[in-house]
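One-letter residues, chain by chain:
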Amino acid sequence: MKNMPSGNSYMTVILGGILLVVAYIAESFFDPYIVRILNMWMIYITMVVSFVLVYGITGQFTLAHAGLAAIGAYTVSLLTLPPDAKMVSFLLQTPHPLIANAQWPLLPALLLGGVLAAVVGFTIGAPALRLHGDYLLIVTFGFSEIIRLVLINLPSFTNGAMGLKGVPYLSGLVWTSAAALLTVVLTNRLINSSYGRALKCIREDEIATEAVGVNLYRHKTLAFVFSSFFVGIAGGLFAQVLGTVDPNTFRPALTYAVMTMAILGGIRSLSGGILAAGIYTVASELLRSVEAPRMIFGYDFPGLPGLRQLAFSIMLVLLILFAQRGLMGGREFSWDWIRSKLKRKAPEKDGGEQ
Amino acid sequence: MDLELFMQFLINGIALGSLYALIAIGYTIIYGVVQLINFAHGEFFMVAAFMTMWGVSQYGMQLGVAFPLATLLVVGLALFVDRTVYRPLREQKTSSFIGAISISFLLQNLFVVLFTSRAKPFPHPALLDEVINFGTVALPVVNIFIVGVAIVMFGGLFFLVQYTDMGRAMRAISKDMEVAQLMGVNPNRVIAFAFIVSALFAAVGAFMYCSKFPYVDPFTGAIPGLKAFIGAVMGGIGSIPGAMVGGFLLGMGEIMIVAFFPDLTSFRDIIAYIILILFLLFRPGGIFNVRMREEKV
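Now for a look at the structure at hand. All values reported here derive from a predicted model rather than from experimental measurement.

1. Some points on the overall build of chain B
The helix and strand inventory of chain B stands at 11 helices and 4 strands. In terms of C-alpha radius of gyration, chain B reaches 19 Å, essentially the compact-globule figure of 19 Å for 297 residues. Taken along its principal axes, the extent of the C-alpha atoms in chain B is 60 × 45 × 35 Å. Here chain B holds 297 residues, and 49% of them are scored as buried.

Encoded structure:
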């Protein structure tokens, strides 16, 4: 990065462009099932990278992902649902006039979702980030649950526990991969800026960082709000891809899933997070087929619902006990890294995306 | 609101408060000795309830056999989790949170896989379903049992902590682990003992709770666990009287909200979370203003 910043940014733009073109082609030629998996991968990348920024880089262990994603998901769903489709979802309740007739294009809806998530993130972070350790974790967890419970209890906006159905699929792989790409690139830029160095300092030693004149609280809040924005976007795309939203999707289990991916990737590494999100998505799909009841060699297998979550929670325990550095530890794929490899020997593999 | 109706709510509030207090003890004891929020406590509670139910419905055991067996199992489970997960992570604060979260998650999902997430009726003595009527005020027998059992358990705990060597060691550890070690206290043994006590309270709490609300599913422990935890924070986590008072106030408060502000009934969980957050932000030591050992992050 330091030697040839322009060259590297150039390469990043080219690779990003290629990825988006591939995404565009994949959308129309690949099997919808594969596209869905790729979509989920991209969305998880967005979420995991945001988690890595706050926990891995800044060292603030927060558990608000599910709630923030819910903000984005509901914003996008309510704004993109056509008014007549809204009436189908809202059976017991008339939708609030504010949203009843709203029908926005996807981009402003997504951005508003991100902004609202960032605002809520600020509301959560501003008090919570003054706390440490257990307290920070519990307060953010509590806020996330409050968001979910409020969504259940505001039926004129959210249709309560029944959620919203028939969210139109306006996005697509290009959108999800663009969001993932943007999150990765911007987060990477942030990490390698002077702000990023301050954030890493905060992780290592708060007192020393403060002594050098870094405003701890401002930096922590910045990282948290920055990541909240992208979690909101990810939530909006999540609703798009799933086609439905309901409060149950945003239980703490979603936060734990993101946390599991981040730890699998090696908590401080964006590339690791990207990789881990892919592994998680694919493993999740493979296990889904085990969960479903089916016939094997003429025997009726009842299926094992809950198996996926069980497998991931076992993995999380094993990771935290025996492999805290995850797949990548703190290492990253980067252009410099690829270049150094190329100099030494012939290329072996594609270097990954950054 | 007339007096009789108020009495009715008061009776329920006392019972629910005692239940939360019982469960809250489990959190506070563990936090007192290891500064660990045992997220899996609600799941220990669930395992106790589930195993009691399973023993009765599957193996036709008497309740008097099934419940002690389930309690033993939960105590064993708590010791196992402490030894295999919490102890190796003891020096790493954040990792031990993650360990605790993942154990809670693992137990929930294990039980979903083994027993499905369908709620099953909890077997309890028919006596507990009886209701004694005082005029128009109904006093469910189960409430009397809850309060009685809670008083006995608290009394036992008080004796244990105040007058036994193990209790003294627990108090010493929670004041200053290093000095306690210098005085010859083995922290691993004390912590293991704290887990035994905590699991015992979880099991008894589960039995009483599920006798009052007689269904069990793999997520049974989550809500009471959380409420009890909030109670423990309210009282000042790490303090035993704090957990009793905090848990009791939260349970009583929950019923009183239903009594006086019926419109807010569906908001009571939100209110509980808000109380939690306000306490952590403005009075992290709780009502009793407990000061914990300096935390290592």
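2. Examining the overall build of chain A
Along the backbone of chain A there are 16 helices and 2 strands. Computed over its C-alpha atoms, the radius of gyration of chain A comes to 21 Å, within 12% of the 20 Å expected for a compact globule of 354 residues. Its C-alpha atoms give chain A principal-axis dimensions of roughly 60 × 55 × 40 Å. Residues counted as buried form 47% of the 354 residues belonging to chain A. For chain A, the proportion of contacts with a sequence separation of at least 24, taken over those separated by at least 6, is 82%.

3. Observations regarding the nonpolar core
By size, the foremost hydrophobic cluster in this structure holds 197 residues, and its most contacted members are Val48(A), Ala69(A), Ala48(B) and Val74(B). Every residue in contact with Ala48(B), bar those within four places of it in the chain, is listed here: Ala70(B), Thr71(B), Val74(B), Ala202(B), Ala203(B) and Ala206(B).

4. Some details on unusual backbone geometry
Notably, Asn159(A) is not glycine yet its phi reads approximately 65°, a positive angle. As for its placement among the helices and strands, Asn159(A) is situated in the loop between helix H8 (155-158) and helix H9 (173-191). The phi angle at Gln35(B) is positive, at roughly 55°, despite the residue not being glycine. On the secondary structure map, Gln35(B) appears in the loop between helix H1 (3-34) and helix H2 (41-59).

5. Considering the interface of chain B and chain A
Contacts between the two partners involve 33 residues from chain B, matched on the other side by 31 residues from chain A. Per-element accounting of the side of chain B that touches chain A gives the leading share, 15 residues, to helix H4 (residues 93-115) of chain B. Of the residues contributing to the side of chain B that touches chain A, the split by class is 22 nonpolar, 8 polar and 3 charged.

6. Quick look at the environment of Met328(A)
Residue and element names in this part refer to chain A. With respect to the element layout, Met328 can be found in the loop between helix H15 (307-322) and helix H16 (335-344). For Met328, a count of 22 C-beta atoms within 10 Å translates into the label buried. For Met328 and Ser271, which are 57 residues apart along the polypeptide, the C-alpha to C-alpha distance reads 7.6 Å. Discounting chain neighbours no more than four positions away, the residues touching Met328 are Gly265, Gly266, Ser269, Ser271, Gly272 and Leu275.

7. Observations concerning helix H5 (residues 141-163) of chain B
Residues and elements named next belong to chain B. Between its terminal C-alpha atoms H5 stretches 33 Å, which fits the 33 Å expected from 23 residues at 1.5 Å a residue. Turning to H5, its buried residues number three or more, namely Val142, Asn143, Ile146, Ala150 and Met153. On its buried face, H5 sits against H1, strand S3 (137-140) and helix H8 (187-212).

8. Comments concerning the pairing of S3(B)
Pairing analysis gives 4 bridges linking strand S2 (residues 131-134) of chain B to S3(B), with the strands arranged antiparallel. The partner of Val131(B) across the bridge, within S3(B), is Pro140(B).

9. Some words on H2(B)
All names here are of chain B. With 19 residues, H2 should cover 27 Å at 1.5 Å per step; its first-to-last C-alpha distance of 26 Å lies within 8% of that length. Of all 19 residues that make up H2, 15 are buried, and the element is covered over most of its length. Where H2 terminates, the next one or two residues include Gly60, which has phi positive at roughly 60°.

10. So, the packing of helix H13 (residues 252-265) of chain A against H15(A)
Residue and element names in this part refer to chain A. Running from N to C, H13 and H15 cross one another at 45°; their axes reach a closest spacing of 10 Å. When the axes of H13 and H15 are compared, the pair comes out oblique. Crossing of H13 over H15 shows left-handed handedness. In this structure, H13 uses Ala253, Ala257, Thr260, Ile263 and Leu264 to contact H15, whose residues at the interface are Gln309, Phe312, Met315, Leu316, Leu319 and Ile320. Residue composition of the contact of H13 with H15, by class: 9 nonpolar, 2 polar and no charged.

Rules behind the numbers
- Residues numbered from 1 in each chain as written.
- Chains lettered and ligands numbered in written order.
- Predicted model: local features only at pLDDT ≥ 70, side-chain atom pairs only at ≥ 80, totals over all residues.
- Helix = DSSP H or I, 4+ residues; strand = E, 2+ residues; numbered from the N terminus.
- Rg over C-alpha atoms; globule rule 2.2 N^0.38 Å.
- Buried ≥ 20, exposed ≤ 12 C-beta atoms within 10 Å, placed from the backbone.
- Contact = placed C-beta atoms within 7 Å.
- Core = buried A, V, L, I, M, F, W, Y, C linked by C-beta atoms within 7 Å.
- Nonpolar A, V, L, I, M, F, W, Y, C, P; charged D, E, K, R; others polar.
- Expected span 1.5 Å × (residues − 1).
- Pairing = 2+ DSSP bridges.
- Axes fitted to C-alpha atoms, helices over the stretch in contact; angles between N-to-C directions.
- Parallel < 35°, antiparallel > 145°, perpendicular 65-115°, else oblique.
- Left-handed = near helix turned anticlockwise from the far one by under 90°.

Nothing here speaks to function; it is geometry throughout.
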